[in-house]
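Fold and contact review
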Protein chains: 2
Amino acid sequence: MDMDKWRHIFKLDPDKEIDDGMLEAVCESGTDAIIVGGTTNITFDNTIDLLSRIRRYAVPCVLEVSDVDAIVPGFDAYFIPVVLNAQNPEWIFNMHVKGLEEHGPFIKWDEVFVEGYVVGNEDSAVAKLTESRTNITEEGMKAYARLADQMLKLPILYIEFSGSYGNPALVQAAQKVVHNSRVFYGGGIRSIEQAIEMAQWADTVVIGNIIYEDITQALATVKAVKSVGR
Amino acid sequence: MDMDKWRHIFKLDPDKEIDDGMLEAVCESGTDAIIVGGTTNITFDNTIDLLSRIRRYAVPCVLEVSDVDAIVPGFDAYFIPVVLNAQNPEWIFNMHVKGLEEHGPFIKWDEVFVEGYVVGNEDSAVAKLTESRTNITEEGMKAYARLADQMLKLPILYIEFSGSYGNPALVQAAQKVVHNSRVFYGGGIRSIEQAIEMAQWADTVVIGNIIYEDITQALATVKAVKSVGR
């Protein structure tokens, strides 16, 4: 698993239905990895069910942990979001402390990567849950990028517009100041053009909802993103 | 400046008076470093004034940044607290983002060290300001220690009892699970016995208020702390 080369990721939501044919197409698409994650109704059962189905394929599979009770062993890696612009302390560190009290001694830390999340779409479930400050300027995004990259030295800065297509200038602003964190962009990509646009600035482009809405477009983003040099 | 060898630190508050004789005694005491920092009434003027007086001596001098407007250039290093058990988001990341918007491009990051703070004394000014969850068990402290050390890979875990002497078992619990973060203890040390007790578990013992209350006792903690092997 070499995350530094991941340009394209599909994100699958355990709370959404996907049939075997579509799942095979996604896993065999040439994408660099699958992230399993979502915001609502994520359980141990629907997470382990989805993992076991993805495991038939060779693609690396990562769990993005959003609920301490839905941590399933057997993923290649675990992404732990810290929402940098959350205003609800539950979603900054309280959840992590609760999780560490339960699971701390058993965690394989070389499989764990912290994502510095910046949530951009005020209407998204994740923004409402975390009470995120979503009104972010380019200068503000640079500050979040420096917080993740230089101050906290996190492996991933994740710019998340969950459901709406974000402003590429914000991703560009982040990329300009980041030295070591990988810049992920996810949210609202529904066309090849949008995938290509974000791939110019993001190190890694995450494709989510469109999988469930237009699988043909979703699959086409793999080649599109990988055609953009960085 | 080799922070990994610092066993004893004096913390001086720019908002408190200290005469030249006492300041010389503190700086020439054999302590490993001076931290300049406090919670209330910290200004650019009182910070630069204290720095310029400490600079007559060879001891390393660190600014613990508590107010973006009181960042003074010329210190050997800058400690940036992130209060891991704060419930007021202003004191988790909002202040940092504000500071990074203003100063981000000009920061020398090799001089910056993030402190994962755990605030333990509910009656302290810092606990009230940050709305910290101060009711911390040993298991809870281990979770905070893993958050600082393994999850966030911070250079410093700072257990702060500000004004009251804390439970050494909490420092011991943190030290047990930490791999790389340096464990600082500060707060309420008013005797050689207390300094020695905390020095058994803390990598670095920080002596503050007693400087202003009983300088002889304060100076005696240097030798006491350094007599304890770790």
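Per an unreviewed UniProt entry, the recorded name for chain A is Heptaprenylglyceryl phosphate synthase, and the organism is Aneurinibacillus aneurinilyticus ATCC 12856. The heading Cofactor (unreviewed entry) in the UniProt record of chain A holds the text "Mg(2+)". Regarding chain A, the relevant UniProt record gives this comment under Pathway (unreviewed entry): "Membrane lipid metabolism; glycerophospholipid metabolism."

What to know about the overall build of chain A
Looking only at helices and strands, chain A has nine helices and eight strands in total. In terms of C-alpha radius of gyration, chain A reaches 16 Å, essentially the compact-globule figure of 17 Å for 230 residues. Overall, chain A is about 45 × 45 × 30 Å in size when its C-alpha atoms are taken along their principal axes. For chain A, with 230 residues in total, the buried portion stands at 59%. In chain A, 71% of the contacts between residues at least 6 apart in sequence involve partners at least 24 apart. Carbon and sulfur atoms form 48% of the exposed surface of chain A, whose accessible area is close to 9,300 Å². Side chains of chain A carry 20 positive and 34 negative charges; the gap between the two charge centres is 7 Å.

Considering empty space enclosed by the protein
Residues and elements named next belong to chain A. This model, assessed by the stated rule, comprises one cavity of 30 Å³ or more. Approximately 40 Å³ is the volume found for the largest cavity. For the largest cavity, the full set of lining residues is Val36, Gly37, Ile42, Thr47, Leu63, Glu64, Val65, Ser66, Asp67, Ala70 and Ile71.

Description of the pairing of strand 7 (residues 182-186) of chain B
Residues and elements named next belong to chain B. In terms of burial, strand 7 is largely enclosed, as five of its five residues are buried. On strand 7, burial covers both faces: Arg182, Phe184 and Gly186 on one face and Val183 and Tyr185 on the other are all buried. As paired strands, strand 6 (residues 156-160) and strand 7 are joined by five bridges and run parallel to one another. In the sheet register, Tyr158 faces strand 7, and the bridge partner there is Phe184. Note on the crossover from strand 6 through helix 6 (residues 168-177) to strand 7: the handedness is right-handed. Two elements, strand 7 and strand 8 (residues 204-207), share three bridges in a ladder whose sense is parallel.

As for the environment of Gly38 of chain A
Residues and elements named next belong to chain A. As for its position among the elements, Gly38 is in the loop between strand 2 (33-36) and helix 2 (44-54). Looking at Gly38, the relative accessible area reads 18%, which means it is buried. Note: C-alpha distance between Gly38 and Asp15 (23 residues apart in sequence) is 7.4 Å. Setting aside chain neighbours within four positions, we find Gly38 in contact with Asp13, Pro14 and Ser66.

Observations regarding the pattern of salt bridges
Across all of its chains, the model carries 18 salt bridges over all chains by this definition. The partner of Asp20 of chain A in a salt bridge is Arg53 of chain A, and the shortest N-O contact between them spans 2.8 Å. Residue Asp20 of chain A is located in helix 1 (residues 20-27), and its partner Arg53 of chain A is located in helix 2; the two are separated by 33 residues in the primary sequence. Among the residues examined, Asp20 of chain A registers a relative accessible area of 43% and is labelled partly exposed. By relative accessible area, which is 15% here, Arg53 of chain A ends up buried. Notably, a salt bridge pairs Glu90 of chain B with Arg133 of chain A, separated by 3.1 Å at the nearest N-O pair. With Glu90 of chain B in the loop between strand 4 (77-83) and helix 3 (94-103) and Arg133 of chain A in the loop between helix 4 (125-130) and helix 5 (138-151), the pair connects residues from two separate chains. The exposure class of Glu90 of chain B is partly exposed, given its relative accessible area of 29%. Through salt bridges that share partners, Lys11, Glu64 and Glu160 of chain A make up one connected network.

Quick word on the UniProt feature "binding site: Mg(2+)" (unreviewed entry) in chain A
Residues and elements named next belong to chain A. Mapped onto this numbering, the UniProt entry annotates "binding site: Mg(2+)" (unreviewed entry) at Asp13 and Thr39. The named residues occupy 27 residues along the chain; their greatest pairwise C-alpha distance, 8.5 Å, places them in one compact cluster. Take Asp13: it is sitting in the loop between strand 1 (8-12) and helix 1. Ignoring sequence-local partners within four residues, the contact set of Asp13 consists of Gly37, Gly38, Ile42, Leu50 and Tyr212. A distance of 2.8 Å separates the side chain of Asp13 from the backbone nitrogen of Asp15, its partner in a polar contact. Here Thr39 is to be found in the loop between strand 2 and helix 2. Note on Thr39: relative accessible area 33%, which makes it partly exposed.

Examining unusual backbone geometry
All names here are of chain B. With a phi angle near 55 degrees, Asn41 is a residue other than glycine that sits in the positive phi range. Assignment of secondary structure puts Asn41 in the loop between strand 2 (33-36) and helix 2 (44-54). Judged by relative accessible area, Asn41 falls into the exposed class, the value being 53%. One non-glycine residue, Glu131, lies in positive phi territory at about 50 degrees. Within the fold, Glu131 resides in the loop between helix 4 (125-130) and helix 5 (138-151). Residue classification places Glu131 among the partly exposed residues on the basis of a relative accessible area of 43%.

The rules we used
Residues numbered from 1 in each chain as written. Chains lettered and ligands numbered in written order. Predicted model: local features only at pLDDT ≥ 70, side-chain atom pairs only at ≥ 80, totals over all residues. Heavy atoms only, no water. UniProt positions renumbered as here; feature names shortened; annotations may be inferred. Helix = DSSP H or I, 4+ residues; strand = E, 2+ residues; numbered from the N terminus. Rg over C-alpha atoms; globule rule 2.2 N^0.38 Å. Buried < 20%, exposed > 50% of the residue type's maximum accessible area, 1.4 Å probe, protein only. Contact = heavy atoms within 4.5 Å. Areas by Shrake-Rupley, 256 points an atom, 1.4 Å probe, with all protein chains shown as cover. Lys, Arg positive; Asp, Glu negative; His and termini not counted. Charge placed at Lys NZ, Arg CZ, Asp CG, Glu CD. 1 Å grid on protein atoms, 1.4 Å probe; cavity = no way out; pocket = protein on both sides within 12 Å on 5 of 7 lines; lining within 4 Å. Points joined across faces, edges and corners; volume = space filled by probe spheres on them. Pairing = 2+ DSSP bridges. Right-handed = clockwise from strand over helix to strand, strands pointing away. Salt bridge = Lys/Arg side-chain N within 4 Å of Asp/Glu carboxyl O. Polar contact = N/O pair within 3.5 Å; in protein donor to acceptor, adjacent residues only side chain to side chain.

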